[in-house]
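Secondary and tertiary structure notes
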Amino acid sequence: YYNDDSVLFFDGEYVKAKDAKTDLYGQSLHYGYAVFEGIKSYKTANGTKIFKAEEHYDRLRRSAQTMMIPFDYSTEEMVDATYKLLEINKLSNAYIRPLVICSPNMALSKGQKSFLVIEVWNWDNGYMANQMRIMTSSFERPNPKAFKVEAKVSGHYVNSILACQEAKDKGFDEALVLDADGNVAESSGANIFFEKDGKLFTPAKGSILPGITRATVFEICDQLGIPYEEKFFKPEEMKGADAGFFCGTAAEIVALGSLDDVPFKLNWEESLASKIQTAYRHLVLEEDYSYLKTDLQYV
Ligand code: PMP
């Protein structure tokens, strides 16, 4: 993630990653009481562009507020700082990780002081349709009665680690995690869609992190005239559907091959989902994707 030359943003300063220091007495390290974001920038024909930068930093501010973490940065300040940081590190295709840390305070009470760290690293790998094999996890998502699930809180990711590792240990690529009622929620770090009879379905809000990529998929569907619906559903409804995909800032749009070893029906290339994948690639690169509309077969 970093080398001797890497620079990060540390509480208003640009410092070498290897020299950055923090104390070990804090609620973030001890209790997972921190909020963060995952953002990507792309090398486009118009220069380096951070995709949905405002949406991500707005969510970071909302996450901090929801978690009662005092946090003063404006979205604009953080966007500017990130562009500067990318320039300092000479990065275009990059992953951007802002983290709001509460320290020093060890009490089980709301944060008293926070500081912002932004880390960036190279993310040059291209677009892949890799037909992931996923399994229904034995772990449930954090219960909305126990956590503020719509906030991107560090501590929630202990659940993600358990679910993802269980899937890997059983020979799968990723986990499909259900909510407390047994409805499909999301994966360890991405939202999920499935396609049936020319329509896309995705879990309604409640136990999921409402992803910015998920919202972008809706935007693309509107542009291309692809119908979609948010609803609660059981994994059985998804099994053997026409197609499925994960979506998230890091994952982008990833094709699913099977759920619990039941394959999705269509060849990926024939699915509406694959059009979403192509459109998303164009969108992040600031390219026109309206041509995809013309050869739609389902609408
Ligand atoms: N769900 C979880 C649990 C995630 O960690 C992520 C990644 N941030 C997502 C969904 C997708 O969110 P986004 O599209 O905003 O990256």
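Reading the values: the criteria
Residues numbered from 1 in each chain as written. Predicted model: local features only at pLDDT ≥ 70, side-chain atom pairs only at ≥ 80, totals over all residues. Heavy atoms only, no water. Near = heavy atom within 4 Å. Polar contact = N/O pair within 3.5 Å; in protein donor to acceptor, adjacent residues only side chain to side chain. Areas by Shrake-Rupley, 256 points an atom, 1.4 Å probe, with all protein chains shown as cover. Nonpolar A, V, L, I, M, F, W, Y, C, P; charged D, E, K, R; others polar. 1 Å grid on protein atoms, 1.4 Å probe; cavity = no way out; pocket = protein on both sides within 12 Å on 5 of 7 lines; lining within 4 Å. Points joined across faces, edges and corners; volume = space filled by probe spheres on them. Helix = DSSP H or I, 4+ residues; strand = E, 2+ residues; numbered from the N terminus. Expected span 1.5 Å × (residues − 1). Buried < 20%, exposed > 50% of the residue type's maximum accessible area, 1.4 Å probe, protein only. Domains from an automatic or database assignment.

Okay, the site of the ligand next. Every one of the 15 residues lining the ligand counts as a neighbour, but Lys-152, Tyr-157, Glu-186, Thr-213 and Thr-249 are closest to it. Here an oxygen atom of the ligand and a side-chain polar atom of Arg-59 are 2.9 Å apart. Measuring from an oxygen atom of the ligand, one finds a side-chain N or O atom of Tyr-157 at 2.5 Å. For the ligand, whose free accessible area comes to 390 Å², the fraction covered by protein is 96%. Across the shell around the ligand, the residue classes tally to four nonpolar, seven polar and four charged.

Evaluated as defined, the whole model comprises three cavities of 30 Å³ or more. Put simply, the largest cavity is a space of about 60 Å³. Around the largest cavity, the lining residues are Arg-141, Pro-142, Val-149, Ala-151, His-156, Tyr-157, Glu-186, Ser-207 and Leu-209. Taken together, the residues that form the lining of the largest cavity break down as five nonpolar, two polar and two charged.

Once that is clear, we can look at helix H7 (residues 272-284). Because an α-helix packs 3.6 residues into every turn, residues spaced three or four apart end up facing the same way. Taking 1.5 Å per residue as the helical rise, H7 with its 13 residues ought to reach 18 Å, and the 19 Å between its terminal C-alpha atoms agrees with that figure. Burial analysis of H7 places twelve of its 13 residues in the buried class, which makes it a mostly covered element. Buried residues of H7: Leu-272, Ala-273, Ser-274, Lys-275, Ile-276, Gln-277, Ala-279, Tyr-280, Arg-281, His-282, Leu-283 and Val-284, and no others. Trailing H7 by a residue or two, Glu-286 shows a phi angle of about 60 degrees, which is positive.

As a further point, take the layout of surface pockets. Estimated volume of the second largest pocket: approximately 200 Å³. Of all the secondary structure elements, the ones that give two or more residues to the lining of the second largest pocket are helix H2 (53-66) and helix H5 (212-224). Considering every element that reaches the lining of the second largest pocket, the biggest residue donor is H2, with six residues. When grouped by side-chain class, the residues that make up the lining of the second largest pocket number four nonpolar, three polar and five charged. Counting contributing residues per domain, the lining of the second largest pocket is built from domain 1 (7-122) and domain 2 (132-294), each supplying no fewer than three.

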